[in-house]
Every structure is written in C-alpha cells, then in structure tokens.
Amino acid sequence: MKTFSATPADIEKKWILIDAEGVVLGRLASIVAMRLRGKHKPSFTPHMDMGDNVIIINADKVQMTGKKRTDKKYYWHTGHPGGIKFRTAEQILEGAFPERVVTAAIKRMLPGNKLSRQVMTNLRVYAGAEHPHEAQSPEVLDVKSMNSKNTRV
C-alpha cells in the first residue's frame, strides 16, 4: 500500500458556519485551526491547503475562563524607543474590532509558515450575527454540543 498524497484536484473544500456565542475562546480556536488545516479529513496531506472555509459569527460574544478577559494582554510595538503598547482582551472585545481576538487565537494555533498564512485566508470572522456568505450555503458546526467544557454561562 502506497502512502496517499493529495493533489490540488483531490481537494474538496466545504463551507462551515460556527456560532461563537458563549463558546470558550481557546477551545473554539483549536477546533477551527484543525478544520482550517484539514486535519479532520482522512486524506490529510501536510504540505497542501486541505482545510475547509470557516465562517465565525458572534465573535464579540466569545467567552474566556478565569480572569483572562481582564488580565490577558495583547502587545505591539510602535517601532519607536519605549513604544511598547498593550490592550486587554476586554478592551479589544468592547472596541471597534472584537473579531481580532478570535483571529489572533486561531492564528497562534497554526504553525508560523507560508502554508499557515495561506490557510488563514480561508477564515472569515464577524462580530455580529450577519455574514455575506449565504450563497455558499455553509454547513453549521455546533461547537457547544461537542463537549460540555466548550461553553461558559
């Protein structure tokens, strides 16, 4: 038996819709990263973009365990001396672009290479319940019902 290696013609991409309302951020990110990479498929090939297109709605209603909402900090540097800045997860979630928290969590669960940057283009994150991808008729993936630990009340 020879090892199967997928070619671009073998790849079949689906559209998946995930509602992030009440779901724990890290658990959501790990499930989405696996789906984006394509590791849930039996025909997974490490050097190919095998994953599905993932749409996440209600990203602003994602939950965090413990005191991460107030204590977790996202850092960046302006490029000037002494220019280190940060915002807490709470500030970002209440700000103009709350979907960046979910995007950053998913990005950090993928390896830092060219393929991961390609795979991240298959992710669409929206803060509200609306999304412009109805024409793709996405299949709903219920992350809440997968495990009781995936939700916070």
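Just above, that's the structure.
Residues numbered from 1 in each chain as written. Predicted model: local features only at pLDDT ≥ 70, side-chain atom pairs only at ≥ 80, totals over all residues. Heavy atoms only, no water.

The next thing to look at is the packing of aromatic side chains. Aromatic ring pairs are reported here in terms of the distance separating the ring centres and the angle at which the planes meet. The tally for this structure, following the rule as stated, stands at one aromatic pair. Above the face of the Y74 ring, K72 is positioned so that its terminal group lies 5.1 Å from the ring centre. One cation-aromatic arrangement involves K73 over F86; the distance from NZ or CZ to the ring centre is 4.7 Å. (Phe/Tyr/Trp six-rings, centres within 6.5 Å; stacked < 30°, edge-to-face > 60°. Lys NZ or Arg CZ within 6 Å of the ring centre and 35° of its normal.)

Turning our eyes to something else, we now look at the side chain of R35. Among the structural elements, R35 can be located in helix α1 (residues 25-37). Of the side chains with opposite charge, D52 comes closest to the buried, unpaired R35, at an N-O distance of 4.1 Å. With near-sequence residues (within four places) excluded, R35 lies in contact with I16, H40, G51, D52, V54 and L141. (Helix = DSSP H or I, 4+ residues; strand = E, 2+ residues; numbered from the N terminus. Buried < 20%, exposed > 50% of the residue type's maximum accessible area, 1.4 Å probe, protein only. Lys, Arg positive; Asp, Glu negative; His and termini not counted. Salt bridge = Lys/Arg side-chain N within 4 Å of Asp/Glu carboxyl O. Contact = heavy atoms within 4.5 Å.)

Attention now goes to the pairing of strand β4 (residues 84-88). Pairing between strand β3 (residues 73-77) and β4: five bridges, direction antiparallel. Looking at β4, one finds that Y74 is bridged to R87. (Pairing = 2+ DSSP bridges.)

A contiguous patch of positive charge, built from K68, K72, K107, R108, K114, R117 and R152, is present on the exposed surface. With respect to the helices, strands and loops of the structure, K107 is situated in helix α4 (residues 99-107). By relative accessible area, which is 53% here, K107 ends up exposed. (Patch = residues over 30% accessible without salt bridge, like charges linked within 9 Å, V, L, I, M, F, W, Y side chains within 5 Å. Areas by Shrake-Rupley, 256 points an atom, 1.4 Å probe, with all protein chains shown as cover. Charge placed at Lys NZ, Arg CZ, Asp CG, Glu CD.)

Ranked by size, the top nonpolar core spans 33 residues in total, and within it I18, L28, V32, I56, V102, I106 and L123 carry the most contacts. Taken together, the elements giving at least two residues each to this core come down to β1 (15-19), α1, β2 (53-57), α3 (89-93), α4, α5 (114-119) and β5 (123-125). In terms of residues, this core owes the most to one element, α1, which gives seven residues. Ignoring anything within four residues of it in the chain, the contact list for V102 reads L25, L28, I56, A59, V62 and V125. (Core = buried A, V, L, I, M, F, W, Y, C linked by side-chain atoms within 4.5 Å.)

Now for unusual backbone geometry. One can expect most non-glycine residues to show negative phi and most peptide bonds to be in trans. A positive phi angle is found at N58, which is not glycine, with a value near 55°. Its location among the elements puts N58 in the loop between β2 and α2 (68-71). Of note, S137 is a non-glycine position whose phi angle comes to about 40°, a positive value. With respect to the secondary-structure elements, S137 resides in the loop between β5 and β6 (139-140). S137 gets classed as exposed once you look at its relative accessible area, which sits at 57%.

Attention shifts here to the pattern of salt bridges. One pass over the full model with this rule turns up three salt bridges. We note a salt bridge from E139 to K14, for which the minimum N-O separation is 3.6 Å. You can see E139 sitting in strand β6 and its partner K14 sitting in the segment before β1, a full 125 residues away along the chain. Note on E139: relative accessible area 44%, which makes it partly exposed. For K14, a relative accessible area of 36% puts it in the partly exposed group. Between D52 and K41 there is a salt bridge, and its shortest N-O distance comes to 3.2 Å. Of this pair, D52 sits in the loop between α1 and β2 while K41 is found in the loop between α1 and β2, placing the two residues eleven residues apart along the sequence. For D52, a relative accessible area of 0% translates into the label buried.

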